[in-house]
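As a plain string of letters, each chain reads:
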Amino acid sequence: MHIPDGYLSPSTCALAYAVALPFWLVAYQRAKRLLHTRLVPLFAVFSAFCFVIMMFNLPLPGGTSGHAVGMAIVSIVLGPWASIIAVSLALLIQALFFGDGGISSFGANSLNMAVVGSLVAWAVYRLLSAGASLSSRRRVLAAGAAGYLAINAAALLTAIEFGVQPMLFHDASGTPLYAPYPLSVAVPAMMIGHLSFAGMAEMLLTAGLVAYLQRSQPELLAGQAGIGEQSGSRGRSARQLWYGLAGLMILSPLGLLAAGTAWGEWAAEDFADPSSRQQIIQASGLHALPQAAPEGLARLAGLWSAPFPDYAPAFIHSAGFGYVLSALFGAGLILLSLLLLSQLAGKRGLPQ
């Protein structure tokens, strides 16, 4: 669901930024209380979790790949407004440093995953878990449903954004200028994989983490990160979660095992490569593909050159070690960014 530069028209990108902006502003205002420096580590670990979990690619039908996002567990623990900030920050660092998602399309990616995904997850969880005790199994089931519906809502919105491009933006001959496939192709291509494997992964991930927190750290389920708990309890919670995140970082090279590119994330040069063209056509229900990359797509594809594209630093010869190093670097950038945000929020001191 990381839309690259060139797949959405500039006007679509501008509209997405305009829609996402008020949500970012409200989210920042609502999340200020979580940006107290003693809470930054807890905020950072969940944002870093989203960053890392999106590196674990899963094989999807049609030879493509996908991943969980983590917006549901962040919404459940920190609340939807903090989740919007956390997921958006993870997406921004992915786009700027690793070329995962575009700069022009960052607003759309954030709108789909951070805004819509977080709000859907929060609403579903609150509705289905209303009145349940912290240890209730209903909370686990509600969390699973929240994760499943959140990622599929984000995927559907992404598919619609792809699918309207050929209808709205084409040349005089009808050739698409940006994303090449209409709604009739984009929606099934995106949703089959997310309604099945990616949705199931998000469901199991969210439900499993809520079940774990019920046993080990129930205070994190007691009203958005247990803000009323003592700072010592929050510190212990953050440390334990960082240990788990470190384990995920070490295991992150498993994300390299999934073959295939995510649908709609092809490079401009893939349109001219016979092997890549066949893979795209196969993943798109055998629908025809333009002979060359659409004009607008090719023009915008080089808008930004990430320093470590595809989580593969050029100075690291081992793909697996480069993946781990990228996970560590991304998590560090997230913590640094949240420290800066805490300063902007008028707080002082260092996280403990």
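## Considering the overall build of the protein chain
Right, on to step 1. Scanning the protein chain from terminus to terminus reveals eleven helices and two strands.
Right, on to step 2. Seen in sequence order, the protein chain has helices and strands lined up from the N terminus as α-α-β-β-α-α-α-α-α-α-α-α-α.
Right, on to step 3. Seen through its C-alpha atoms, the protein chain measures out along the principal axes to roughly 65 × 45 × 35 Å.
Right, on to step 4. Burial status across the protein chain gives 53% buried among its 352 residues.
Right, on to step 5. Across the protein chain, every contact between residues at least 6 apart in sequence was considered, and the portion connecting residues at least 24 apart equals 76%.
Right, on to step 6. Within the structure as shown, the protein chain displays about 14800 Å² of accessible surface, and the carbon and sulfur contribution to it stands at 67%.
Right, on to step 7. In the protein chain, 16 side chains carry a positive charge and 13 a negative one; their mean positions are 25 Å apart.

## Here we look at the nonpolar core
Right, on to step 1. Among the nonpolar cores identified, the biggest contains 104 residues, and Phe43, Phe46, Phe51, Met113 and Trp263 are the most heavily contacted of them.
Right, on to step 2. Take this core: its biggest share by element is twelve residues, from helix 2 (residues 40–53).

## What to know about the layout of surface pockets
Any empty space left between the atoms is revealed when a probe the size of a water molecule rolls over them.
Right, on to step 1. By volume, the largest pocket is sized at about 960 Å³.
Right, on to step 2. Along the walls of the largest pocket sit 36 residues, with Gly99, Asp100, Thr261, Glu265 and Asp310 positioned nearest its centre.
Right, on to step 3. For the lining of the largest pocket, the elements supplying multiple residues, two or more each, are strand 2 (64–66) and helix 4 (80–98).
Right, on to step 4. Among the residues making up the lining of the largest pocket, the classes are represented as 19 nonpolar, eleven polar and six charged.

## Considerations on the packing of helix 1 (residues 10–31) against helix 4
Right, on to step 1. The N-to-C vectors of helix 1 and helix 4 enclose an angle of 115°; their axes lie 8 Å apart at closest approach. Compared by their axis directions, helix 1 and helix 4 come out roughly perpendicular. Crossing angle aside, the handedness with which helix 1 passes helix 4 is left-handed. Taken together, the residues of helix 4 that come into contact with helix 1 (itself represented by Phe23, Trp24, Val26, Ala27, Tyr28, Arg30 and Ala31) are Trp81, Ala82, Ile84, Ile85 and Ser88.
Right, on to step 2. Among the residues forming the contact of helix 1 with helix 4, the class breakdown is ten nonpolar, one polar and one charged.

## Observations regarding the packing of helix 2 against helix 3 (residues 71–78)
Right, on to step 1. As a packed pair, helix 2 and helix 3 sit with axes 9 Å apart at the nearest point and diverge in direction by 165°. Of the possible angle classes, the one that applies to helix 2 and helix 3 is roughly antiparallel. Taken as a pair, helix 2 and helix 3 cross one another with a handedness that is left-handed. Mapping the contact onto sequence places Phe43, Phe46, Phe49 and Cys50 in helix 2 and Met71, Ile73, Val74, Val77 and Leu78 in helix 3.
Right, on to step 2. Broken down by class, the residue content of the contact of helix 2 with helix 3 amounts to nine nonpolar, no polar and no charged.

## Brief notes about the packing of aromatic side chains
Right, on to step 1. Per the counting criterion, the structure on display carries 19 aromatic pairs.
Right, on to step 2. On the basis of an interplanar angle of 90° and a centroid distance of 5.7 Å, the ring pair of Phe97 and Phe329 is categorised as edge-to-face. Of this pair, Phe97 sits in helix 4 while Phe329 is found in helix 11 (residues 319–344), placing the two residues 232 residues apart along the sequence.
Right, on to step 3. Residue Phe329 is classed as partly exposed on the basis of its relative accessible area of 35%.
Right, on to step 4. Arranged with centres 5.6 Å apart and planes meeting at 85°, the rings of Phe162 and Trp263 form a pair that is edge-to-face. Separated by 101 residues along the polypeptide, Phe162 in helix 6 (residues 137–168) and Trp263 in the loop between helix 8 (231–251) and helix 9 (274–283) bring together distant segments of the chain. Taken as a pair, Phe162 and Trp263 share a single burial class, namely buried.
Right, on to step 5. Here the aromatic cluster, defined as three or more aromatic residues joined through ring pairs, consists of Phe51, Phe97, Phe98, Phe308, Tyr311, Phe315, Tyr323 and Phe329.

## Observations regarding the environment of Gln240
Right, on to step 1. Residue position: Gln240 is located in helix 8.
Right, on to step 2. Residues Gln240 and Ser216, spaced 24 residues apart in sequence, show a C-alpha to C-alpha distance of 9.7 Å.

## Focus: empty space enclosed by the protein
Right, on to step 1. According to the stated counting rule, one finds two cavities of 30 Å³ or more in the structure shown.
Right, on to step 2. Approximately 90 Å³ is the volume attributed to the largest cavity.
Right, on to step 3. The wall of the largest cavity is formed by 13 residues, among which Leu60, Ser65, Met190, His194 and Trp263 lie closest to the centre.
Right, on to step 4. Secondary-structure elements contributing two or more residues to the lining of the largest cavity are strand 2 and helix 7 (183–216).
Right, on to step 5. By residue number, the principal contributor to the lining of the largest cavity is helix 7, which donates four residues.

Quick notes on the rules
Residues numbered from 1 in each chain as written. Predicted model: local features only at pLDDT ≥ 70, side-chain atom pairs only at ≥ 80, totals over all residues. Heavy atoms only, no water. Helix = DSSP H or I, 4+ residues; strand = E, 2+ residues; numbered from the N terminus. Buried < 20%, exposed > 50% of the residue type's maximum accessible area, 1.4 Å probe, protein only. Contact = heavy atoms within 4.5 Å. Areas by Shrake-Rupley, 256 points an atom, 1.4 Å probe, with all protein chains shown as cover. Lys, Arg positive; Asp, Glu negative; His and termini not counted. Charge placed at Lys NZ, Arg CZ, Asp CG, Glu CD. Core = buried A, V, L, I, M, F, W, Y, C linked by side-chain atoms within 4.5 Å. 1 Å grid on protein atoms, 1.4 Å probe; cavity = no way out; pocket = protein on both sides within 12 Å on 5 of 7 lines; lining within 4 Å. Points joined across faces, edges and corners; volume = space filled by probe spheres on them. Nonpolar A, V, L, I, M, F, W, Y, C, P; charged D, E, K, R; others polar. Axes fitted to C-alpha atoms, helices over the stretch in contact; angles between N-to-C directions. Parallel < 35°, antiparallel > 145°, perpendicular 65-115°, else oblique. Left-handed = near helix turned anticlockwise from the far one by under 90°. Phe/Tyr/Trp six-rings, centres within 6.5 Å; stacked < 30°, edge-to-face > 60°.

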